[in-house]
Structure formats: structure tokens, C-alpha cells
Amino acid sequence: MSASFRPAGPRQVPVGQYPLWDEALAAVNRDLAATAPEQRPLRLTVYPEMADLVEQVYVALSNGEAHGNPLMPYESAAEALTAVADAAQETVSERLWRVWPVCTVHDLGMHPRDVDGRPSWWCAGGSRKGDPAHVLAAIGELAAVHRPHRPNRKRRKGGTPR
Ligand SMILES: [Zn+2]
């Protein structure tokens, strides 16, 4: 009998091992790139202390840090996408100490939610009447509501018109 091997640190999950999660994470990483372009893509990671149990996969930062619950097997791609977005949000907010993603209308943190079978970024809306909860974008499509960042076209502040 050979002793079980324990790797020293978090292990990145090879692409292709969990195709449904790969696909979901690619969509979530599109949203991350659109809203926090300074961040490197998230990745699926396994932690060594779980190696002898059923493999526990987390959505982690590029450095391997994660927070929250491992991913669970899902029935559908839509279910997987909502769950991966949820795990990504947990890791980003707890490890980077930032609210992500933020609604461009209300400046509030949004949450992944299945809306009529479509995994979406849901915002609670404004506190006033007539400003209800809403869906800002489908998960993976935040780029459509975020203007591209153009550092070259930044306007000069405090300039006086001639
Ligand atoms: Zn909103």
C-alpha cells in the first residue's frame, strides 16, 4: 500500500475536468474583466486538505485564495452559472474587500439570481418608491452595460474654457 500523496498547496483544476464549471467561470471572468480589468481571471482550485474526500472545487483568485463554499454538482448549465457567479462574488468580496459587481444605475452590490431560467445579475433597486429591484444584465454580459475604459480620453479636471 502506498501512502496517499498530499500536494503542498492549492492545486489548480485542469481545464476540461469540469466542462460545465469551466464554461460558467469563463462567463463570470468576462464580467470581471469588464468591471475590474486590473484583476486576473478567477480559476477553479482544489485544496489539499480535502484531497482524500470527494474533490472540493472552489472559485479562487489567480493566487489560489478563495472564500465560501465549494461548488456542488449541478443539473444544468444555468444552475452551474448562477452557482459559480455566487462563489466568485464570495471570493472577490471577502478576499479583495470590494463590492462586486456593482449596479451602474444604483451603485449597489448585485447578486446572481435565476430570473425566468436566465442567470442574471440582480439589483435590489433604490429605496424610493418607483425604483424597484431589477436585472442589470445576464451573467457574462456585464460588458454590454459598462462603457469601455478609455484612459487616453480622460478629461482634464478644472480646466477653464477659453
Ligand atoms: Zn440597480
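Remember, predicted model here, so these are calculated numbers, not experimental data.

K.L.:
So what's going on with the sheet that holds strand S6 (residues 134–138)? Residues and values would help.
P.N.:
The three strands are arranged S4-S5-S6 in an open sheet whose pairing can be described as antiparallel. In this open sheet, the two edge strands, each paired with only one partner strand, are strand S4 (111–115) and S6. Neighbour-to-neighbour, the strand axes of this sheet turn through a mean angle of 50 degrees, independent of strand direction. The strands touched by helix H2 (residues 77–95) within the sheet are S4 and strand S5 (118–123), with S4 carrying the most contacts at an inclination of about 165 degrees.

K.L.:
An account of the packing of aromatic side chains is requested, with residue identities and associated values reported.
P.N.:
Any two aromatic rings considered together are summarised by their centre-to-centre distance and by the angle between their planes. A complete count under the given rule lists three aromatic pairs for this structure. Taken together, the aromatic side chains of Tyr18, Trp21 and Tyr74 make up a single cluster linked through ring pairs. The ring of Trp122 carries Arg113 above its face, with NZ or CZ at 3.7 Å from the centroid.

K.L.:
Please set out the pattern of salt bridges residue by residue, giving values where relevant.
P.N.:
Following the criterion strictly, the structure yields two salt bridges and no others. Where Glu38 meets Arg98, a salt bridge forms, and the shortest distance between an N and an O atom there is 2.7 Å. Within this pair, whereas Glu38 is found in the loop between helix H1 (19–35) and strand S2 (43–46), its partner Arg98 is found in the loop between H2 and S4, the two being separated by 60 residues in sequence. Relative accessible area serves as the criterion here: at 53%, Glu38 is assigned to the exposed category. Taking relative accessible area as the criterion, Arg98 reaches 26% and is therefore assigned partly exposed.

K.L.:
Go over H2 with me, naming the residues and quoting the values.
P.N.:
Compared with an ideal rise of 1.5 Å per residue, which puts 19 residues at 27 Å, H2 spans 26 Å between its outermost C-alpha atoms and is within 8% of the ideal. Where H2 is concerned, the buried positions are Ala80, Leu81, Thr82, Ala83, Val84, Ala85, Ala87, Ala88, Gln89, Thr91 and Val92. Residues of H2 that are buried in the fold lie against H1, strand S3 (57–60), S4 and S5. In the segment just after H2, Trp97 is the residue with positive phi, at about 55 degrees.

K.L.:
I'd love a proper account of the environment of Gly68, names of residues and values included.
P.N.:
Turning to its location among the elements, Gly68 is positioned in the loop between S3 and H2. Note on Gly68: relative accessible area 34%, which makes it partly exposed. Between the alpha carbons of Gly68 and Asp86 there is a distance of 9.3 Å; along the sequence they are 18 residues apart. If sequence neighbours within four positions are ignored, Gly68 has contacts with Tyr58 and Glu90.

What counts as what
- Each residue is numbered by its place in its chain's sequence as written, counting from 1.
- For this predicted model, a pLDDT threshold of at least 70 governs which residues receive local features, and a threshold of 80 or more governs which side-chain atom pairs are given and counted, while totals over whole chains, interfaces and linings are taken from all residues.
- Side-chain descriptors were evaluated using all non-hydrogen atoms of the structure, hydrogens and water having been removed beforehand.
- Pairing between two strands requires that DSSP report at least two bridges joining them.
- Helix numbering and strand numbering both begin at the N terminus, where a helix is a DSSP run of H or I of at least 4 residues and a strand a DSSP run of E of at least 2.
- Fitted lines through C-alpha atoms serve as axes, helices being fitted only where they are in contact, and the angles separating the N-to-C directions of these axes extend from 0 to 180 degrees.
- For this analysis, residues touch if any pair of their heavy atoms sits within 4.5 Å.
- Pairing of aromatic side chains here covers Phe, Tyr and the six-membered ring of Trp, requires ring centres within 6.5 Å, and sorts the geometry by plane angle: under 30 degrees stacked, over 60 edge-to-face, intermediate tilted.
- Geometrically, a charge over a ring is one whose NZ (Lys) or CZ (Arg) sits within 6 Å of the ring centre while staying within 35 degrees of the ring normal.
- When a carboxyl oxygen of Asp or Glu is within 4 Å of a side-chain nitrogen of Lys or Arg, the pair counts as a salt bridge.
- Accessible area is worked out with a 1.4 Å probe on protein chains only. A residue is then buried under 20% of its type maximum, exposed over 50%, and partly exposed in between.
- By this rule the span expected of a helix is its residue count minus one, scaled by 1.5 Å.

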